[in-house]
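Single-letter residue listing:
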Amino acid sequence: MLLKGKKALVTGSSRGIGKEIVCRFLEEGAEVWGLCSKPSAAREELEKFAGEKGSAFHEICADAGNAEELSSVIKDALEKSGGFDVLVNNAGITRDGLSFRMKKEDWDSVLAVNLTSAFIVSQIVSSDMVKKRSGSIINMSSVVGLHGQAGQVNYAASKAGLIGLTKSLAKEVGGRGIRVNAIAPGFIDTDMTRAVNEDARNEWLKGIPLKRAGNPVDIANGAVFLASDMSSYITAQVLGIDGGLGA
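Residues numbered from 1 in each chain as written. Predicted model: local features only at pLDDT ≥ 70, side-chain atom pairs only at ≥ 80, totals over all residues. Heavy atoms only, no water.

Student: Looking at this model, I keep getting lost on the pattern of salt bridges. Mind explaining?
Tutor: Within this structure, the stated rule accounts for 10 salt bridges. A salt bridge links E203 to K206, with the nearest nitrogen and oxygen atoms 3.2 Å apart. Linking E203 with K206, this pair stays in helix α8 (residues 198-206), spanning 3 residues, or about one helical turn. The class for K206 is exposed, based on a relative accessible area of 58%. A salt bridge links D218 to R212; the shortest N-O distance between them is 3.9 Å. For D218, a relative accessible area of 25% corresponds to the partly exposed category. On the basis of relative accessibility, which here comes to 43%, the residue R212 falls in the partly exposed class. Among the charged side chains, a salt-bridge network with shared partners connects R24, E27 and E28. (Salt bridge = Lys/Arg side-chain N within 4 Å of Asp/Glu carboxyl O. Helix = DSSP H or I, 4+ residues; strand = E, 2+ residues; numbered from the N terminus. Buried < 20%, exposed > 50% of the residue type's maximum accessible area, 1.4 Å probe, protein only.)

See the structure below:
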């Protein structure tokens, strides 16, 4: 029960990596608020799972790309929860395409959801953490943010931006007992990556030293570590969970 007594907010909570992080946090004793864009099919499942673990799950909804709506929902959740001990900025989308063909709205939407939302949520939640002089913020970056990827200039820029946000915010709030770290997943088996054609998947797998895709639970376990007191002297770091892909 590494997170017993803690309250956590996880954005992008309804599927994939976000849903697995919610489940692992609940298993470790945390009470979890999950943000998704609209009421999800996972809500009842997660509420039931939380009850089985002796905890609670609360789903909240807002468009992560709408700054005003997002701010309002997060501020309301912060007030109702009494404050969060852990924040995971996981909300993310892709709008892939070669840069010279990319529409500006595809650039704007990816940056808004993947990067700007993390800034907005972190600003609200960290202001409260500062008062309590404790907290852990985890930003979900990507191996693509570290090394780039053809056809994903918008996604890569958003994930690289999260690393800059992580390191800068860590310097701002470290003196108040708040840790800020990032996770950089590699090729993880999710709905998003299953949509990639088989040839492209095989090419990715060839470049992974462990020769397999990762699972959402691999990322969730890393998030549990960074959220818990086991990482109490770790901040401003990027934890690569990628099977060696980013080496």
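Back to the write-up after that little detour.
Student: I would appreciate a short explanation of the pairing of strand β2 (residues 31-36) in the present structure.
Tutor: Regular strands show a simple pattern: their side chains alternate between the two faces of the sheet. Extensive coverage of β2 is indicated by the burial of 5 of its 6 residues. Here strand β1 (residues 7-11) pairs with β2 via 5 bridges, running parallel. Each residue of the ladder has a partner; that of L9, found in β2, is W33. Assessed by its sense of winding, the connection that carries the chain from β1 through helix α1 (residues 16-27) to β2 is right-handed. Note on the crossover from β2 through helix α2 (residues 43-52) to strand β3 (residues 57-61): the handedness is right-handed. (Pairing = 2+ DSSP bridges. Right-handed = clockwise from strand over helix to strand, strands pointing away.)

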